[in-house]
Amino acid sequence: MTHSATESTHRSGTHRSGTDRDGSHPDSTTPDSNGQDTTGPNQSQGPRPLRIRILGPMEISGQGEDRTPSAPMARRLLAVLLLHANEQVRTSTLIDELWDGEPPRLARKTIQTYVYQLRKPPHSAVVGTGAGGIGERVETCPNGYRIRLAPDELDLWQFERHLARARVDLGDGDPESAARRLRVGLALWRGDAFADIETGPALAARVAQLADARLGAVELRVEADLRLGRHHRLMGELRQLTADHPLNEEFAAQFMLAAYRSGQRGTALETFGQLRRDLVDELGIEPSHRLQRLQRDVLNEAPALDLAPDRATAVRATDAQAAPAAAPETPGTPTAVLPVTPVIAQLPSDTPDFVGRRAELARIVTHAKSGSDPLLTAPQVVTVLGQAGSGKSTVTVRAAHLLREHFADGQFHVRLHDENDRPTDPAAALRSLLRDIGMRVYELPDQVDELARIFRSWSADRSLLLVLDDAYGPEQVLPLLPGGSLSAVLVTSRVRLPGLPGAANVELGPMEKDDAVELLASLAGADRIGADVDAARQSVRLTGNLALGVRAVGEKLAARRMWSVTELAARLAPENHRLAELGSGSLDVLGRLAGACARLAEPDSQALAGLAGAGAVPFDIPRAARTLAMDTWAAELLVGRLLDHHVVEIAESAPGAATVYRIPELLRLVAQTHAHARDMADAELRLMSGTPLRAGQAAVPCFTSVLSTTA
């Protein structure tokens, strides 16, 4: 219930006639023998003022006496009426709230009985005094009931007025008045709203909203105190609130700011580290861009974090006579008092030694910029596809940096797999995006469709660039697409992404030979490569011209100054050495390629291992069918799926001739390794269980890792 809505309701509700639409007076009714309301005697005086408190256990008093109903179900009904004071509440709504979808057979008559219990004079009423209770305010309406209250009778309305006025004061640059009003408003709370009443679904949801409003008030009060330079006095309260709300980013940011201003940089950085661990462990997300910026500012001792000079002077002048810090009103989730970055710029750093891919970059940039067409009403989507290690992310980040100036409202980067190579839930990705633009995570819905609607609404008229890295499928991408036609989305994936309307596909195959040699030279030194270009070409060929493999070879050569390029090529030549040589640098070539195999369905993974075990010779569909012992139709379907996952590529294709396929060089070695390991494990299991070998099968020797550096 907003303040403005409440005030208008008060105005409309306190100047109406005291009669119902049928002309009867509503103040006193009793159920007759048929369970229907009957009109009681009219009151000659208006309703007496009441004091109604719901921000804690329900308390109702009038003329110094307790008027709180005692019957539990009548109290629940009254709670619903109070939250919709001066509005009609339908009987069906009351039934749903009281019995949660399982009402008794005579639910409406039972409701009338509860209303009668509310309207009974309180036991403490003295005959002849006219002192009444809350029942005087309950009116019968067609198909429902209404309770009439004056603006100052309900503590919730008083709290909302203090909160609304404090927001205005804070916006007008008067934190002193804002802090004072918020303390008065928060003092009205004595616990959770309706703490002593069992709640149904609607009432529980409203109580949760009230709890959020209470937290919002604490949030504003802490912000006002920080603006007033009271960071020293806030430290104890903020430390406790951080412990009570370990996942709350806004509160952590306020604690970091207070600690920094108090000369405790270590505490500020420790707070960020603990928050990051909690977010990753519990939600699988990183801290927001705003929190990461605050961490950098704390590390760099950014002047923007310091208190304004005029305020710092005022604080020093009053510190000696400052009152002791008030006890925390309630746990809260304050927002950070930070310099707000107008544009979110989350793109990873560009690669300084980027080489080649000119045609692919041109396609990505051209299509992403085509949103200027007035006939388009959807964001531009570009999918950058290729096998693991082909450089999809590097190329896409380079393209995104080239496009930054065309998307002035912000650039976002979202990883769609976590560090354990598990697909990211689209709802988690959306919550992360919405948090980064300043929305409170605890106020967001859980359903992915509702989150997507919020993001589309926010982004509809903005010019945004989204980089969605390593998508598992279109179901991950579709909810993350922004609204309108001013934005562009760059998606990288190892698998084809059907179902993205209008998406332009850019395929990344192996690097061009000259580009691969140039990359090798940029890493290991042009002088060393120039001394033996043929050996350099052989080295990159042995990696299949895979960008990840070439970079690993270049780093290895740069670290081994005693090697010549010829020696490097010789060490890479034996297949049973190659993966071991590539795996000893900082780049996990084996892990990246093994992860590509692990993402395949089990039948496809087994088929890939079978094709890899047949050697480096390219194959057509009939040969694949023979190798895998299946018919050509099934083999064609299977090879098509492997193509979609970019673990098989086309070697030769000409009109009228059979298409020839191959497995990329390093991926073939990895698949062979897994197939060998699986065969060894199966054989060991058979030997341990006493299962005889198949006819013609040789005994299996003791298994030594195929990644061993010995022959």
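Quantities reported herein were computed from a predicted structural model and do not represent experimental measurements. (Residues numbered from 1 in each chain as written. Predicted model: local features only at pLDDT ≥ 70, side-chain atom pairs only at ≥ 80, totals over all residues. Heavy atoms only, no water.)

**Considering the environment of Ala253**
Alright, step 1. By secondary structure assignment, the location of Ala253 is in helix α9 (residues 249-261).
Alright, step 2. Along the sequence, Ala253 and Gln292 sit 39 residues apart, while their C-alpha atoms lie 9.8 Å from each other. (Helix = DSSP H or I, 4+ residues; strand = E, 2+ residues; numbered from the N terminus.)

**Digging into the packing of aromatic side chains**
Alright, step 1. Here the structure, examined in full by the defined rule, presents five aromatic pairs.
Alright, step 2. Taken together, a centroid distance of 5.5 Å and an interplanar angle of 85 degrees make the contact between Phe159 and Trp189 edge-to-face. Here Phe159, found in helix α5 (residues 155-171), pairs with Trp189, found in the loop between α6 (175-186) and α7 (201-227); they are 30 residues apart in sequence, far enough to count as distant.
Alright, step 3. Taking relative accessible area as the criterion, Phe159 reaches 3% and is therefore assigned buried.
Alright, step 4. Here a set of aromatic residues connected by ring pairs shows up, and it is made of Phe412, Phe455 and Trp458. (Phe/Tyr/Trp six-rings, centres within 6.5 Å; stacked < 30°, edge-to-face > 60°. Buried < 20%, exposed > 50% of the residue type's maximum accessible area, 1.4 Å probe, protein only.)

**Considerations on the sheet that holds strand β3 (residues 51-53)**
Alright, step 1. Taken together, the three strands give an open sheet; going across it, the order is β3-β4-β5, and neighbouring strands pair in antiparallel fashion. What marks the edges here is a single partner per strand, and that holds for β3 and β5 (65-66). (Pairing = 2+ DSSP bridges.)

**Here we look at the pairing of strand β10 (residues 380-386)**
Alright, step 1. Counted residue by residue, β10 has seven buried out of seven residues, so it is predominantly covered.
Alright, step 2. With burial as the criterion, each face of β10 is covered, one bearing Gln380, Val382, Val384 and Gly386 and the other bearing Val381, Thr383 and Leu385.
Alright, step 3. Two elements, β10 and strand β13 (residues 488-493), share six bridges in a ladder whose sense is parallel. Within the sheet, the bridge partner assigned to Gln380 lies in β13 and is Ala488.
Alright, step 4. As defined by bridge partners, β10 adjoins strand β14 (residues 504-508) across five bridges and the pair is classed as parallel. Across the sheet, Thr383 pairs through a bridge with Asn505, a residue of β14.

**Some words on the pattern of salt bridges**
Alright, step 1. One pass over the structure, following the stated rule, counts 33 salt bridges.
Alright, step 2. For Arg190, the salt bridge goes to Glu59, with nearest N and O atoms at 3.4 Å. Here the residue Arg190 occupies a position in the loop between α6 and α7, and Glu59 occupies one in strand β4 (residues 59-62), the gap between them amounting to 131 residues.
Alright, step 3. Of the residues examined, Glu59 reaches a relative accessible area of 33% and is grouped as partly exposed.
Alright, step 4. The partner of Arg148 in a salt bridge is Glu139, and the shortest N-O contact between them spans 3.1 Å. An identical accessibility class is assigned to Arg148 and Glu139; each is buried. (Salt bridge = Lys/Arg side-chain N within 4 Å of Asp/Glu carboxyl O.)

**Describing the packing of α5 against α6**
Alright, step 1. It is at 8 Å that the axes of α5 and α6 come closest, and there the two elements cross at 165 degrees. By the angle class used here, α5 and α6 are roughly antiparallel. Crossing of α5 against α6: the hand is left-handed. Taken together, the residues of α6 that come into contact with α5 (itself represented by Phe159, His162, Leu163, Arg165, Ala166, Asp169 and Leu170) are Pro175, Ser177, Ala178, Arg181, Leu182, Val184, Gly185 and Leu186.
Alright, step 2. Partitioning the contact of α5 with α6 into residue classes produces nine nonpolar, three polar and three charged. (Axes fitted to C-alpha atoms, helices over the stretch in contact; angles between N-to-C directions. Parallel < 35°, antiparallel > 145°, perpendicular 65-115°, else oblique. Left-handed = near helix turned anticlockwise from the far one by under 90°. Contact = heavy atoms within 4.5 Å. Nonpolar A, V, L, I, M, F, W, Y, C, P; charged D, E, K, R; others polar.)

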